[in-house]
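Geometric and topological summary
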Amino acid sequence: MGVIFCGVDYRWLGEVKNAMNNEKCCDLSVLDLVPFGQTGAESIFYALRLSAPNWPAWQPGQFVMVRPHSFGYEIPWARPLGICHMTTQHLICFFQVLGRGTKRLSQLRPGEQVAVWGPLGNGFAIEKDRPTLLLAGGMGIVPFVGYVHRHPQPWNVSMVFGHRAAVDCYPVDSINERIPLDSLRETVPGDLDNLIFTLQERIHDCADQDGLVLACGPRPFLRTVHRFAISFGARAQLSLENQMACGVGACLGCVTKTSDKWADKRHKDGFVQVCTKGPVFWADQIQF
Amino acid sequence: MDLSVTLRGQRHNLVLKNPVLTASGTFGYGLEYAPYGDLSSLGGFVVKGLSLTPRLGNTPPRIVETTAGMLNSVGLQNDGVEYFLSETLPKLPWRETAVIANIYAGSTEEFAMLADRLDGEEGVSALEVNISCPNVKKGGAQFGQDPVLAAEVTRAVREGAPHKHIIVKLSPNVTSIAEMARSVEKAGADSISCINTLLGMSIDYRSRRPRLHNVVGGLSGPAIKPVAVRCVWEVSKSVGIPVIGLGGIVSCQDILEFIIAGASAIQVGTANFMNPAAAFELVKDLPVLCSELGISSIEELTGSLQIG
Ligand SMILES: Cc1cc2nc3c(=O)[nH]c(=O)nc-3n(C[C@H](O)[C@H](O)[C@H](O)COP(=O)(O)OP(=O)(O)OC[C@H]3O[C@@H](n4cnc5c(N)ncnc54)[C@H](O)[C@@H]3O)c2cc1C
Ligand SMILES: Cc1cc2nc3c(=O)[nH]c(=O)nc-3n(C[C@H](O)[C@H](O)[C@H](O)COP(=O)(O)O)c2cc1C
Ligand code: FES
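Computed from a predicted model, the values in this text were never measured in an experiment. (Residues numbered from 1 in each chain as written. Chains lettered and ligands numbered in written order. Predicted model: local features only at pLDDT ≥ 70, side-chain atom pairs only at ≥ 80, totals over all residues. Heavy atoms only, no water.)

Take the overall build of chain A next. Looking only at helices and strands, chain A has six helices and 17 strands in total. Taken against the 2.2 N^0.38 rule, which gives 19 Å for 288 residues, the C-alpha radius of gyration of chain A at 19 Å falls within 12% of a compact globule. For chain A, the spread of C-alpha atoms along the three principal axes comes to 60 × 45 × 35 Å. By residue count, 57% of the 288 residues in chain A fall in the buried class. Across chain A, the fraction of contacts at a sequence separation of at least 24, relative to all contacts at a separation of at least 6, is 66%. Accessible surface for chain A amounts to roughly 12000 Å². Of this, 51% is attributable to carbon and sulfur atoms. Each charge class in chain A was averaged separately, 27 positive and 26 negative side chains, and the resulting centres sit 7 Å apart. (Helix = DSSP H or I, 4+ residues; strand = E, 2+ residues; numbered from the N terminus. Rg over C-alpha atoms; globule rule 2.2 N^0.38 Å. Buried < 20%, exposed > 50% of the residue type's maximum accessible area, 1.4 Å probe, protein only. Contact = heavy atoms within 4.5 Å. Areas by Shrake-Rupley, 256 points an atom, 1.4 Å probe, with all protein chains shown as cover. Lys, Arg positive; Asp, Glu negative; His and termini not counted. Charge placed at Lys NZ, Arg CZ, Asp CG, Glu CD.)

Okay, here's the thing in structure tokens:
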């Protein structure tokens, strides 16, 4: 099969090989791509539903590398996307269009083939009896959809969700059904102070109850959570979003700096791969 | 069909069951890719660069995606040769396939010590000497850009590891890669691999900052393939020892191009990131393409370029 993109037929370059259909790496078909929030030309939020891989043991917080055949030679790396939810029928990812890769993801059509490898990384801790505070910033909400479905005692779980776009742009419905969700939208600069204040209060309370804090979102958001978690001594896990090429621990491109609390002494105050040692890290084990 | 190849070195041959190797730094230590295919089906794999003592590597961001390629400035992060030998090598299928140790050092003496340390290791089929990494301040690029220093390093490794096949990996960031090749051949290299990455740079025009913390890094991937094919052709014309070609290989068609240009074997690098099963698929598909084209042996295709 040749590859055509931007109107150029790249067949003469040879083939971009399709994934060999083994357990971890397979070609999945696009079932549908559903825009969220404002639809039409400006739509930038999408739920991508793919045919189901056979990954019964996946954990919320794990991610997949997604590479549509249409990336051709031009866009070499797959894009890391969190597993939003998975059943025996389908794998759902949810993404926001940022640059050239996610733009092309937003142009996928039903039936198109997408190479996917995963499930990758480690996933969030589930400590069912412990009060658990989920902190999501923007697309950071994605892994928590699966998390609240999986949690055996959802009455112990609550969420603070900071976001810029209207709330209907995000997959909040199935979370709302199960746990209390405080949604804080940032439209004017003062809203950010409000979000930071809320994070501070809630992390503080959670630490007092010996609870578990789980956070996922953009780096500035995580930096704030990290700072409060450390200063209040909260048990906290953060899911990092670093650039990735391979997703399997080989390229050493996605690394993050560990602290002196990192368990493996070879890598204390060193660099470890976010794709295989994370993406979820205990807050005290990494440096920001 | 016969996929096996023998790299006939000056001192030692390297026998591979097929010409598909994976490139250093793009395949971890092999184990990372074990879930995606059968490691022992490969002709061999070259492990991530090893140094005498652990190296932290460069500050992130270390990688940038570019059009049809990528830049990296990983800076040879690794846990050191001792850790590799005691913890990793025993887990690798070295009886079934060639495990090649890529080595890096900051001085000729350290190169000699590394070679000496690896010489007695049964599980290591060959050493690949990285004199061409653009991402480290000391040594590295300088060794690879000066034919006299490159020969010194080659001699040191040759003497340090008298029982191993020695591959010297050349940089394309030189005026004459043929001159470098002749120099390391004279110093005792058994074979040459080329190319390492091309020095490159990428800038975020909004912030006006370089995208790599290290500012510059090595370009790899499909974008560099024409440069790599040219280098393989020039080198193979200039030396008598075998050449291992790499740089931008993604497909079986690419592999044939390198072999026709003069390569006896090839390495798959950045393509492993595009598809974790890439190297395994190439091993499976290569005989199919060869039989379609009526090619019965890889060795007879090497250097079969027709000009004029
Ligand atoms: C473990 C993990 C899980 C993620 N889950 C989701 C998710 O569920 N939904 C979602 O919308 N996004 C998610 N992201 C972020 C998503 O991968 C990026 O938004 C996306 O790669 C941007 O690609 P692009 O081509 O559109 O952007 P470009 O800026 O054109 O990309 C250039 C390069 O930078 C990388 N890159 C750019 N921004 C990011 C970023 N924020 N994080 C990581 N890499 C980046 C790209 O992958 C690409 O390699 C996740 C990231 C990680 C690491
Ligand atoms: C992330 C990365 C790390 C690399 N690390 C090494 C290394 O440790 N030693 C080495 O000799 N070459 C290293 N290389 C260079 C590759 O082995 C290869 O020469 C180069 O990428 C060109 O081949 P490609 O275009 O097929 O990737 C590295 C390349 C990349 C992309
Ligand atoms: S993305 Fe390659 S090591 Fe993590």
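Next, the rest of the story.
Interface size, as often reported, equals the accessible area lost upon joining of the parts. At the junction of the two partners, chain B supplies 42 residues and chain A supplies 39 residues. Note on chain B versus chain A: buried area summed over both sides is about 3300 Å², and carbon and sulfur give 61% of it. Here chain B and chain A share 10 residue pairs in polar contact (both at pLDDT 80 or more) between them. Residue composition of the side of chain B that touches chain A, grouped by class: 19 nonpolar, 14 polar and nine charged. (Buried area = accessible area lost by both parts, 1.4 Å probe. Polar contact = N/O pair within 3.5 Å; in protein donor to acceptor, adjacent residues only side chain to side chain. Nonpolar A, V, L, I, M, F, W, Y, C, P; charged D, E, K, R; others polar.)

As a further point, take the side chain of A:Thr256. All names here are of chain A. Position of Thr256 among the secondary structure elements: in strand 15 (residues 256-257). The exposure class of Thr256 is buried, given its relative accessible area of 4%. Discounting chain neighbours no more than four positions away, the residues touching Thr256 are Leu240, Asn242, Gly270, Phe271, Val272, Val274, Phe281 and Ile286.

This next bit is on the packing of aromatic side chains. Residues and elements named next belong to chain A. Applying the stated criterion across every chain, the model contains 16 aromatic pairs over all chains. Between Trp262 and Phe281 the ring centres are 6.0 Å apart and the planes differ by 45 degrees, which places this aromatic pair in the tilted class. Placement of Trp262 in the loop between strand 15 and strand 16 (271-272) and of Phe281 in strand 17 (residues 280-282) is noted, with a sequence separation of 19 residues between them. The burial state of Trp262 is the same as that of Phe281; both residues are buried. Above the ring of Trp58, the side-chain terminus of Arg150 is found at 4.6 Å from the ring centroid. (Phe/Tyr/Trp six-rings, centres within 6.5 Å; stacked < 30°, edge-to-face > 60°. Lys NZ or Arg CZ within 6 Å of the ring centre and 35° of its normal.)

All names here are of chain B. The strand order 3-4-7-8-9-10-15-16 describes a closed barrel built from eight strands, whose pairing is parallel. Strand-to-strand twist of the sheet, defined as the mean angle between neighbouring strand axes without regard to direction, takes the value 25 degrees. Relative to strand 10 (residues 191-194), strand 9 (residues 165-169) is paired through three bridges, and the arrangement is parallel. Within strand 10, the position partnered with Val168 by the bridge is Ile192. (Pairing = 2+ DSSP bridges. Axes fitted to C-alpha atoms, helices over the stretch in contact; angles between N-to-C directions.)

Our focus in this paragraph is the sheet that holds strand 6 (residues 69-72) of chain B. Residue and element names in this part refer to chain B. Judged by pairing direction, the sheet is antiparallel, and its four strands sit side by side in the order 5-6-14-11 without closing on themselves. Every interior strand has two partners, whereas the edge strands, strand 5 (63-66) and strand 11 (198-201), have only one. Within this sheet the neighbouring strands show an average axis-to-axis angle of 40 degrees, counted without direction. With four bridges connecting them, strand 5 and strand 6 associate as antiparallel partners. Within the sheet, the bridge partner assigned to Ile63 lies in strand 6 and is Asn72.

A separate point is the site of ligand 1. Residues and elements named next belong to chain A. Around ligand 1 lies a shell of 21 residues, among which Pro80, Gly99, Gly101, Thr102 and Glu241 are the nearest. In this structure, an oxygen atom belonging to ligand 1 sits 3.0 Å away from a main-chain N or O atom of Gln96. Those elements giving two or more residues to the shell around ligand 1 turn out to be strand 6 (79-82), strand 8 (90-96) and helix 1 (100-105). For the shell around ligand 1, the leading source of residues is strand 6, giving four residues. Taken together, the residues that form the shell around ligand 1 break down as 11 nonpolar, seven polar and three charged. Looking at which domains feed residues into the shell around ligand 1, each of domain 1 (4-119) and domain 2 (132-285) gives three or more. (Near = heavy atom within 4 Å. Domains from an automatic or database assignment.)

The next thing to look at is the domain arrangement of chain A. Residue and element names in this part refer to chain A. Segmentation of chain A into domains returns domain 1 (4-119) and domain 2 (132-285). For domain 1 versus domain 2, the distance between C-alpha centres works out to 24 Å. Every contact between the two is made by 20 residues of domain 1 and, on the other side, 22 residues of domain 2. Here domain 1 packs against domain 2, burying approximately 1800 Å² in sum over the two surfaces, 70% of which is carbon and sulfur. When residues of domain 1 are sorted by the area they lose upon contact with domain 2, Pro60, Phe63 and Trp77 head the list and together hold 26% of the total. At the junction of domain 1 with domain 2, the criterion picks out zero salt bridges. For the side of domain 1 that touches domain 2, the secondary-structure elements that each account for two or more residues are strand 5 (63-68), strand 6 and strand 8. Of the residues forming the side of domain 1 that touches domain 2, the biggest block, three residues, is contributed by strand 8. In the side of domain 1 that touches domain 2, the residues fall into 14 nonpolar, six polar and no charged. (Salt bridge = Lys/Arg side-chain N within 4 Å of Asp/Glu carboxyl O.)

Moving on, we get to the state of the cysteines. Summed over all chains, the structure comprises zero disulfides over all chains. For A:Cys25, which is in no disulfide, the shortest distance to another cysteine sulfur is to A:Cys26 and amounts to 6.6 Å. Free of any disulfide, B:Cys290 has its nearest neighbouring cysteine sulfur in B:Cys252, separated by 7.7 Å. (Disulfide = S-S within 2.5 Å.)

Residues and elements named next belong to chain B. Where helix 6 (residues 225-238) contacts helix 7 (residues 252-261), the axes come no closer than 8 Å and their chain directions differ by 25 degrees. One way to sum up the angle between helix 6 and helix 7 is to call them roughly parallel. On helix 7, the residues that touch Lys225, Ala228, Val229, Val232, Trp233 and Ser236 of helix 6 are Asp254, Glu257, Phe258 and Ala261. Among the residues making up the contact of helix 6 with helix 7, the classes are represented as six nonpolar, one polar and three charged. (Parallel < 35°, antiparallel > 145°, perpendicular 65-115°, else oblique.)

A few words now on the site of ligand 2. Of all residues adjacent to ligand 2, which total 23 residues, the nearest are B:Ser24, B:Lys169, B:Gly221, B:Gly248 and B:Thr270. The local environment of ligand 2 is shared, drawing residues from chains A and B. A distance of 3.3 Å separates an oxygen atom of ligand 2 from a polar side-chain atom of B:Asn130. At 2.7 Å, a backbone N or O of B:Gly248 approaches an oxygen atom of ligand 2. Protein chains shield 99% of the accessible area of ligand 2, which is 610 Å² for the free molecule. Each residue belonging to the shell around ligand 2 can be placed in one class, and the counts come to six nonpolar, 15 polar and two charged.

All names here are of chain A. Residues of strand 6 alternate between two faces, with Arg79 and Leu81 buried on one and Pro80 and Gly82 left unburied on the opposite face. Examined bridge by bridge, strand 5 and strand 6 share four bridges and lie antiparallel to one another. Its bridge partner being in strand 6, Val66 is matched across the sheet by Arg79.

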